[in-house]
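# Residue-level structure breakdown
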Amino acid sequence: MRASSCDGYTQTLTVDTTLLTVGENLTFERRTRSTISESDNVRNLLIQTLQVDPTVPARDSAGNFTAQPRTNANNPLAALDFRNNEYNENRLVGNVFAELSFLPSLRVRSQLGFDLRNGNTYAFTPEYDISPSFRNVSPSTTQYSDFQSSLIWDNTLTFDKAFGSHDVEAVGGTTIETNYYRFINATTQGQPGNDPSLRYLGAGPEVVNIGGSLAESNLLSFFGRLNYNFSDRYLLTAVARYDGSSRFGANNRFAFFPSVSAAWRISEEPFFPDTELVTNLKLRAGWGQNGNQRIGDYPFAATIAGNQDYALNGQLAPGSAPLQSPNPNVKWEETTQTDVGLDAALFGDRLNLSAGFYNKVTSDLLVYLPPIPTSGLVSASPENAGEIRNRGWEFSADYSVTPAEDLTVRVGGNLTTLSNEVVSLAQSTDFVINSGNYRNGSITRTEPGHPVGAFYGYKTDGLFQTPEEVANANELSDEGPYQSADTAPGDIRFEDLNGDGQITQADQTFIGNPTPDFTYGFNLDVEYKGVSLSTLFQGVQGNDLFAAYKFYTVFNTAFNMSEAVKNRWTGPGTSTRMPRLTSSDPNQNSRISDFYVEDGSYLRLKNVRLGYSVPSRLLSSLGAGLDRARLYVSAKNLFTLTGYDGYTPEIGVNNSTLDRGIDRATYPQPRVYTVGINLGF
């Protein structure tokens, strides 16, 4: 893959006086990278790589790119070479602050933080002709430029004082946040050649597209926080926020979000025994609310969109029109979370344990509901409609021991469970959200009583093995065949869930859940004199993945196919899982079903590092002003244990949480080896 580069510069300055402290922190970063699509259904480079005939070289003896004589696939090496897509970004992130101390217990602070980013994308598609299905007769150039700024101004007044056994800290303040984004883009085509000197917008006589937009949003917050500590035994924190967002109308622009947490260190009570067995025991609980305003800009207003052309007197005339219904009553999405937990330290703090339960309920869910078909509108409108509940347990433990002189061993681990459920969604009881679109439709469905973004489709029940089995199934209904008039032995048999003797959309159901039962990790660190070894493992368990790429590698006979197809059905009893090979697929074996669903559990060695610190006495003998020297080797993503067939089980989210765990030939995590030396003078 083409390389990316990143150059950065960081500067920090702080000046202290008796009463006033001022400072700044600046980071400048420049990134340059070539981009390729990962989630695109067709142009995904890994999909193209899976489709090609492996016996055909990418180039011929003259060095020219070759076509695929026996498949309809594109040459992936040529596709990569033709994709001249470069993205450049300049980014400045930092803050400046001033803090004034009036009294030992009273101080005021003002801080301005900023994040300024300017990006430019340049793309040129050359003229090429590899095959009738892989050609471009007219070069084109696209340029895209955007600017984004985020400014956050915080002003706080802090009172911090101890009164005997009582420690009190009170903070009050305001936050003003402004966000600004604009972009312009244009595409022209018809450049007279592929020469680099012609790869500009002005060299293309035909304007394909010109566009641009601007968006702004603002956030105003008033907040207060109180921390109280009595003898390091009773701990209390209370927070109150009053947030206002320009993304909501005047009716619901502001909302109040309180929270409170408390802890009791039982081990500090006079009645608690002074023992090395239990050195710390703390019971904690918390309750709080926060808001979400991520719904886009101007959803409360009746915005007008351009480029809505219409027919006038037999001519195509430019026009503008509203595309969605405004909602002046849309308001903050609210999340309420309750936590309880217990922390303990045992054996002289060598063993630390923590356990907790959380219950998180998100109400007034911000969703976009489809317009009424007769309204003439085409875009979904924002609504507060729905409730989602997440709950689970969190556990962690770490143990440190020194079994021998100069030998230290530390081991730790954590585990988090998650139960996710849509409690309600909109006022209509039959309203659902379909997402995760692919070649055969939507893969996920969000519906009350089920997890968010669960896989939805048909259940399979093996394969038809004989003509008699097909005939018997077709006799189950007088309304028509069980699945298709052309269903044959070797085709997938789908389950008739409603019992009407036919396979229809009414037989679709939930077939998988991309949310894991639990995530976990553990680490092992060993140090002996100057040698150290550290490892970090990370894993998930109980989640499903939808291997969407199998649409091409199993069911599309126009391309190279998966090796698993060699075990396909070729006669009665030869296979109960892999269907027969057919170019027309009359049974729709490739429809969305649990055939694509696999267990996505995995355990990965995320990081391992071996280091050696040169003894100081040896450094002293070398001179040269060396204070320290350390050699190390490390590896990331060294191995993964999984039963998943794809390139990687770490699929993640594509665009939104409604599109999770769908593998469209996702790029695997790179395995990175590093050798280095750290020197100090």
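In case you missed it, the structure is sitting above this.
All of the points below concern the structure found in this document. Treat the numbers as computed from the prediction; the structure is a model and nothing was measured. (Residues numbered from 1 in each chain as written. Predicted model: local features only at pLDDT ≥ 70, side-chain atom pairs only at ≥ 80, totals over all residues. Heavy atoms only, no water.)

Our next topic: the sheet that holds strand E29 (residues 509-512). The 4 strands are arranged E24-E25-E26-E29 in an open sheet whose pairing can be described as antiparallel. In this open sheet, the two strands that pair with only one neighbour each are strand E24 (433-438) and E29. This sheet shows a mean twist of 45° between the axes of neighbouring strands, independent of strand direction. Here strand E25 (residues 441-446) pairs with strand E26 (residues 454-457) via 2 bridges, running antiparallel. Within E26, the residue paired with arginine 445 across the bridge is alanine 454. (Pairing = 2+ DSSP bridges. Helix = DSSP H or I, 4+ residues; strand = E, 2+ residues; numbered from the N terminus. Axes fitted to C-alpha atoms, helices over the stretch in contact; angles between N-to-C directions.)

Here we take up the packing of aromatic side chains. Following the criterion strictly, the structure yields 27 aromatic pairs and no others. Aromatic side chains phenylalanine 248 and tryptophan 332 sit 5.4 Å apart centroid to centroid with 40° between the ring planes, which places their arrangement in the tilted category. In this pair, phenylalanine 248 sits in the loop between strand E10 (234-245) and strand E11 (254-265) while tryptophan 332 sits in the loop between strand E16 (321-322) and strand E17 (333-346), placing the two residues 84 residues apart along the sequence. The residue whose ring lies beneath arginine 445 is tyrosine 456, and the NZ or CZ to ring-centre distance is 4.0 Å. Positioned over the ring face of tyrosine 602 is arginine 604, at 5.4 Å from the centre of the ring. (Phe/Tyr/Trp six-rings, centres within 6.5 Å; stacked < 30°, edge-to-face > 60°. Lys NZ or Arg CZ within 6 Å of the ring centre and 35° of its normal.)

The next thing to look at is the pairing of E17. As a general feature of sheets, a regular strand has side chains that alternate between the two faces. Summarising the sheet, strand E12 (residues 278-292) and E17 pair through 14 bridges and their orientation is antiparallel. Bridging across to E17, asparagine 280 finds its partner in alanine 345. By the bridge criterion, 13 bridges tie E17 to strand E18 (residues 351-363) in an arrangement that is antiparallel. Following the sheet pairing, leucine 346 is matched in E18 by leucine 351. Once E17 ends, the chain turns through 4 residues before running back antiparallel as E18, passing phenylalanine 347 with a positive phi of about 55°.

Looking now at the environment of arginine 568. As for its position among the elements, arginine 568 is in the loop between helix H4 (550-553) and strand E33 (597-599). Among the residues examined, arginine 568 registers a relative accessible area of 28% and is labelled partly exposed. Separated by 11 residues in sequence, arginine 568 and proline 579 place their C-alpha atoms 5.5 Å apart. In this structure, arginine 568 is in contact with Thr574, Ser575, Met578, Pro579 and Leu581, ignoring residues within four places of it in sequence. (Buried < 20%, exposed > 50% of the residue type's maximum accessible area, 1.4 Å probe, protein only. Contact = heavy atoms within 4.5 Å.)

It is worth spelling out the pattern of salt bridges at this point. Applying the stated criterion across every chain, the model contains 25 salt bridges. Notably, a salt bridge pairs arginine 284 with aspartate 343, separated by 2.9 Å at the nearest N-O pair. Placement of arginine 284 in strand E12 and of aspartate 343 in strand E17 is noted, with a sequence separation of 59 residues between them. Looking at arginine 284, the relative accessible area reads 27%, which means it is partly exposed. Salt-bridge contacts for lysine 550 lead to aspartate 645; the nearest nitrogen and oxygen are separated by 3.8 Å. With lysine 550 in helix H4 and aspartate 645 in the loop between strand E36 (640-642) and strand E37 (653-654), this pair connects stretches of sequence that are 95 residues apart. Given a relative accessible area of 55%, aspartate 645 falls into the exposed group. (Salt bridge = Lys/Arg side-chain N within 4 Å of Asp/Glu carboxyl O.)

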